[in-house]
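Each chain, written out:
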Amino acid sequence: MIADLKTHMDLPWLVGGDLNEIFYHSEKAGDPSRGQAHIDAFRDAFLNNDLHDLGFLGYDYTWCNKQEGEAVVEECLDRFCASTECSLHFPEAQVQHLDSDISYHLPIQLRSKPRNKDRR
């Protein structure tokens, strides 16, 4: 779907929210684990279409199954990814994982401002 969307636009773009998948095994704590090929294919769909994870500040995981003990599973499912051109327009973009007890997901916040046009 990402590759198809990219063929219909040539503007800077940003994808964000609950992607319901991880990019790396390190973004998951608890079982069951996912297959490496599945994780690689998902991440590569973004990278191959010039979408790069903006990173984050805050807690490592954005989703929890709300279980206790060894049954707890946490994952970083929510993120923002931007094209290179988008990142050039908004170089100070910053993603933060916020605290919340309301949902299984932590809210994520994107703060940004356009590049200063006087800087080159």
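Because the structure is predicted, anything quoted here is derived from the model rather than measured.

**Observations concerning the pattern of salt bridges**
Here comes step 1: Using the criterion set out here, one finds eight salt bridges in the structure.
Here comes step 2: Between Arg34 and Glu21 there is a salt bridge, with the nearest N and O atoms lying 2.7 Å from each other. With a gap of 13 residues between them, Arg34 in the loop between strand S2 (28–29) and helix H2 (36–47) and Glu21 in the loop between strand S1 (14–18) and S2 connect regions that are remote in the sequence.
Here comes step 3: You can call Glu21 buried: its relative accessible area is 9%.
Here comes step 4: It is possible to trace a salt-bridge network through shared partners that takes in Glu21, Lys28, Arg34 and Glu75.

**A closer look at the environment of Leu77**
Here comes step 1: Its place among the elements puts Leu77 in the loop between strand S5 (74–75) and strand S6 (78–83).
Here comes step 2: Relative accessible area serves as the criterion here: at 2%, Leu77 is assigned to the buried category.
Here comes step 3: Leu77 sits 50 residues away from Glu27 along the chain, and the two C-alpha atoms are 8.2 Å apart.
Here comes step 4: Not counting residues within four places of it along the chain, the set of residues in contact with Leu77 comprises Gly17, Asp18, Leu19, Asn20, Glu21, Ile22, Thr62, Trp63 and His105.

**Some remarks on the state of the cysteines**
Here comes step 1: Within this structure, the stated rule accounts for zero disulfides.
Here comes step 2: In this structure Cys64 is not part of a disulfide, and its nearest cysteine sulfur, from Cys76, lies 13 Å away.
Here comes step 3: Owing to a relative accessible area of 18%, Cys64 belongs among the buried residues under this scheme.
Here comes step 4: We note that Cys86 lacks a disulfide partner, and the nearest cysteine sulfur, in Cys81, lies 11 Å from it.

**Structural notes on the sheet that holds S5**
Here comes step 1: Reading across from one edge, S2-S5-S4 is the order of the three strands in this open sheet, with antiparallel pairing throughout. Pairing within the sheet leaves two strands with one partner each, and these edge strands are S2 and strand S4 (63–64).
Here comes step 2: As paired elements, S4 and S5 share two bridges and run antiparallel to each other. Bridging across to S5, Trp63 finds its partner in Glu75.

**A short note on the nonpolar core**
Here comes step 1: Membership of the largest hydrophobic core is limited to seven residues, which are Ile2, Trp13, Leu19, Phe23, Phe46, Leu51 and Cys81.
Here comes step 2: For Leu19, the residues in contact, after removing those within four places along its chain, are Phe42, Phe46, Leu77 and Arg79.

Procedures and definitions
- The numbering scheme is per chain: residues are counted from 1 as the chain's sequence reads.
- Given that this is a predicted model, residues contribute local features only at a pLDDT of at least 70 and side-chain atom pairs are listed and counted only at 80 or more, while totals for whole chains, interfaces and linings are drawn from all residues.
- Excluding hydrogens and water, the side-chain figures rest on all heavy atoms present in the structure.
- A side-chain nitrogen of Lys or Arg and a carboxyl oxygen of Asp or Glu constitute a salt bridge if their distance falls within 4 Å.
- Going along the chain from the N terminus, every DSSP run of H or I of four or more residues is numbered as a helix, and every run of E of two or more is numbered as a strand.
- To sort residues, take the accessible area from a 1.4 Å probe on protein chains only and compare it with the maximum for the residue type: under 20% means buried, over 50% means exposed, and anything in between is partly exposed.
- By the convention used here, residues are in contact when the closest approach between their heavy atoms is within 4.5 Å.
- For the purposes of this analysis, a disulfide is any pair of cysteine sulfur atoms at a distance within 2.5 Å.
- Strands qualify as paired when DSSP identifies two bridges or more between them.
- What is meant by a nonpolar core is a set of buried Ala, Val, Leu, Ile, Met, Phe, Trp, Tyr and Cys residues, joined one to another through side-chain atoms within 4.5 Å.

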